Amino acid sequence: MSQSSIHIGLALVMGWLSANGWRRDNSQVEQLFNLQPYLDLAKQAEQAKLDFVFRPDTLFLKTAPLATEPGFSNLDPFVLLSAIASHTQKIGLVATASTTFLPPYVVARQLQSLHWLSQGRAGWNLVTAIEGQQNFGESPLSPSKQRYEKAQEHLEVVQKLWHSYPNSSLKMDKHSKQFADIEQVQPIQHTGEYFHVKGPLSTPATPFGDIPLFQAGASDQGRAFAAKVASAVFAATPDLEAGIELRQDLRKRAAQLGRDPNEIKVLPGLSLYLAETRKEAETCYRDTHAGFDLERRYAYVEEAIGLNLREYDDHHVLTETDLPELTRPVRSQTHSNLMRQYIIREHPSVNTFLQRPEVCGSSHWLVIGTAEDAVDSIIERISAGAADGFIAIPGGHIQSAQLFFEKVMPALAEQGWFRREYQGTTLVEHLNESF
Ligand SMILES: Cc1cc2nc3c(=O)[nH]c(=O)nc-3n(C[C@H](O)[C@H](O)[C@H](O)COP(=O)(O)O)c2cc1C
């Protein structure tokens, strides 16, 4: 894999607040619902010439975790990114919007508006979502396969709406009095299984071209969908093997559909617990997760793969034969598959398994160590073909974000792994750029 084509995003979250992290003296938790910390992150990301900032989102709130941590408390991604747009010039702005819950007309308009206000920097992280049905009259949540069918149609409607009021129709000719060539502004008359939308969209298309799509689910349906439409995949790849498998599979699927496999970038989440020494980083990680007790881990494993580890001895070696047949739906097939694959491949002890990122994190690639450790891990994964870049999620304490910007990014740029200057001004240009 060429050194010249990696792509880097930053999760626009105060990731260092999760679990116990928010209680540290300098955590800035009081700013959680203010613009400033996100703006600081976005500006630093732009200074480091990152491709984009990425705002995940959920449309539900579990109240129990709030007793001790921020949980899923959040701000609306479009409102937040619009504010960021007005203080930045080059960095891409990727907003999460659910195809399961939000109407395509609203999503199409929000994204096109963000594309205008940022002058071509919007991206859409298209999620089928894992929860939130109770807030949208859809209880229970439909099965993953059906959510992807709906996502496919949702996207089709959004794309038709984007083209229903083309940029070329805008004339704004004061002499002839013609504002728009209305021949070009046409209803879409969409009638499908899930949506009935007449159109056209009330926001015209920008001159900056289509908005790139990001996708996250990695079940068979999720991969098929991503291979067809995504420019980038936000991947959960806890280890090198998972990254290689996903990237090879997505590239193969894209090629089978007639796409250039290089058009689809696999960008795993990279959780960074960084400090000046490994020991400090390990302490930070341990302290941050001290409240993540065994019962919570047992419950998570049981929901995901149906395995009740409460009954097992800590030293029992887990193999495929321990995995029960599961016929009920799971929250995320991606996360369940990752757990199963790890057990089948590695035969871990119960104790080892309970410490894994699949169990106590979001299944993301995890580096606990120094900035140099992070750089080595990044180079290892890129060189092995396990990623086309990554989306950084600094955690534990605010120093992780500081070290990421002060040491990790400069080292990647100095060693020729990453751009020193933007060549373009739009997100599409950043994603297509090789340097
Ligand atoms: C790495 C990753 C990140 C995700 N981020 C979000 C998110 O921000 N918001 C959301 O509603 N769903 C999110 N999802 C859920 C997916 O959109 C999808 O609904 C879920 O993974 C089920 O799809 P699957 O069967 O392909 O796994 C994420 C999934 C993965 C794997």
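Residues numbered from 1 in each chain as written. Predicted model: local features only at pLDDT ≥ 70, side-chain atom pairs only at ≥ 80, totals over all residues. Heavy atoms only, no water.

If you look the protein up in an unreviewed UniProt entry, it shows as FMN-dependent oxidoreductase (Nitrilotriacetate monooxygenase family) from Marinomonas rhizomae. UniProt annotates the protein under Sequence similarities (unreviewed entry) with the comment "Belongs to the NtaA/SnaA/DszA monooxygenase family." (UniProt positions renumbered as here; feature names shortened; annotations may be inferred.)

Description of the overall build of the protein
Each helix and strand in the protein was counted, giving 14 helices and 13 strands. Its C-alpha atoms give the protein a radius of gyration of 22 Å, near enough to 22 Å, the size a compact globule of 435 residues would have. Taken along its principal axes, the extent of the C-alpha atoms in the protein is 80 × 50 × 45 Å. The buried share of the protein, taken over its 435 residues, is 53%. (Helix = DSSP H or I, 4+ residues; strand = E, 2+ residues; numbered from the N terminus. Rg over C-alpha atoms; globule rule 2.2 N^0.38 Å. Buried < 20%, exposed > 50% of the residue type's maximum accessible area, 1.4 Å probe, protein only.)

Observations concerning the site of the ligand
Near the ligand you find 19 residues, and of these Asp57, Thr128, Tyr148, Ser219 and Thr334 are the closest. One of the backbone nitrogen or oxygen atoms of Asp57 is found 2.6 Å away from a nitrogen atom of the ligand. Computed on the free molecule, the ligand has an accessible area of 620 Å², of which 93% lies beneath the protein chains in the complex. At the level of elements, helix H4 (144–164) and helix H9 (333–346) are the ones that each hand at least two residues to the shell around the ligand. Of the residues in the shell around the ligand, the class split is eight nonpolar, nine polar and two charged. (Near = heavy atom within 4 Å. Polar contact = N/O pair within 3.5 Å; in protein donor to acceptor, adjacent residues only side chain to side chain. Areas by Shrake-Rupley, 256 points an atom, 1.4 Å probe, with all protein chains shown as cover. Nonpolar A, V, L, I, M, F, W, Y, C, P; charged D, E, K, R; others polar.)

Thoughts on a nonpolar patch on the surface
Side chains of Leu61, Leu66 and Phe72 sit close together on the surface and give an oily, nonpolar patch of about 250 Å² of accessible area. Looking at the element boundaries, Phe72 is found in the loop between strand S2 (52–55) and helix H2 (77–85). In this structure Phe72 comes out as partly exposed when scored by relative accessible area, which is 37%. (Patch = residues over 30% accessible without salt bridge, like charges linked within 9 Å, V, L, I, M, F, W, Y side chains within 5 Å. Salt bridge = Lys/Arg side-chain N within 4 Å of Asp/Glu carboxyl O.)

A word on the nonpolar core
Core analysis: the biggest nonpolar cluster contains 72 residues, and Leu50, Trp124, Phe404 and Leu412 have the highest contact counts within it. Looking at this core, the element that brings in the most residues is helix H13 (residues 398–414), giving nine residues. Tyr298, Val301, Ala304 and Ile343 belong to the second largest nonpolar core, which has 15 residues in total. (Core = buried A, V, L, I, M, F, W, Y, C linked by side-chain atoms within 4.5 Å.)

A closer look at the UniProt feature "binding site: FMN" (unreviewed entry) in the protein
UniProt annotation of "binding site: FMN" (unreviewed entry) refers to Asp57, Thr96, Tyr148 and Ser219 when read in the numbering used here. With respect to the helices and strands, Thr96 occurs in strand S3 (residues 92–98). Other than its neighbours up to four places away in sequence, Thr96 contacts Arg55, Pro56, Asp57, Pro77, Phe78, Asn125 and Val127. Engagement of the side chain of Thr96 in a polar contact is seen with the backbone oxygen of Arg55, the distance being 2.6 Å. Note that Ser219 resides in the loop between strand S9 (213–215) and helix H5 (220–229). Ser219 has contacts with Ser144, Tyr148, Gln333, Thr334 and Asn337, leaving out every residue within four places of it along the chain. (Contact = heavy atoms within 4.5 Å.)

Describing the state of the cysteines
Applying the stated criterion to the full structure yields zero disulfides. The cysteine Cys284 is free of any disulfide, with Cys360 supplying the nearest cysteine sulfur at 14 Å. Classification of Cys284 as buried rests on a relative accessible area of 4%. (Disulfide = S-S within 2.5 Å.)

Digging into the pairing of S2
Both faces of S2 are covered, namely the face carrying Phe52 and Phe54 and the face carrying Val53 and Arg55. Both strand S1 (residues 7–11) and S2 contribute to a ladder of three bridges, which runs parallel. Bridge assignment links Leu10 to a residue of S2, and that residue is Val53. Handedness of the crossover joining S1 and S2 through helix H1 (residues 36–47) is recorded here as right-handed. Across four bridges, S2 lies against S3 in parallel orientation. Among the inter-strand pairings, Arg55 is bridged to a residue of S3, identified as Ala95. (Pairing = 2+ DSSP bridges. Right-handed = clockwise from strand over helix to strand, strands pointing away.)

Brief notes about unusual backbone geometry
A cis amide bond links Ser139 to the next residue, Pro140, at an omega of -5°. Topologically, Pro140 is positioned in the loop between strand S4 (122–127) and H4. The omega torsion across Gly199 and Pro200 is -5°, close enough to zero to call that bond cis. Of note, Gln189 is a non-glycine position whose phi angle comes to about 50°, a positive value.

Some details on the pattern of salt bridges
Applying the stated criterion across every chain, the model contains 24 salt bridges. One salt bridge in this structure joins Arg356 and Glu358, with 3.0 Å as the shortest N-O distance. Glu358 sits in the buried class, given a relative accessible area of 1%. Here the salt bridges do not stand alone but share partners, grouping Asp239, Glu241, Arg345, Glu346, Arg356 and Glu358 into one network.

Structural notes on the environment of Val197
Within the secondary structure layout, Val197 lies in strand S8 (residues 196–197). Sequence separation of Val197 and Pro103 is 94 residues, and the distance between their C-alpha atoms is 9.7 Å. Sequence-distant contacts of Val197, that is, excluding residues within four places in its chain, are made with Tyr105, Val157, Leu161, Ile188, Gln189 and His190.

What about the packing of aromatic side chains?
Aromatic ring pairs are defined here through the distance separating the ring centres and the angle between the ring planes. Under the criterion given, the structure shown has 14 aromatic pairs. Their ring planes at 10° and their centres at 4.8 Å tell us that Phe101 and Phe136 sit as a pair that is stacked. Taken together, the residues Phe101 in the loop between S3 and helix H3 (104–117) and Phe136 in the loop between S4 and H4 connect sequence positions 35 residues apart. Judged by relative accessible area, which is 9%, Phe101 ranks as buried. Ring geometry for Tyr342 versus Phe353: centroids 6.4 Å apart, planes at 15°, classification stacked. (Phe/Tyr/Trp six-rings, centres within 6.5 Å; stacked < 30°, edge-to-face > 60°.)

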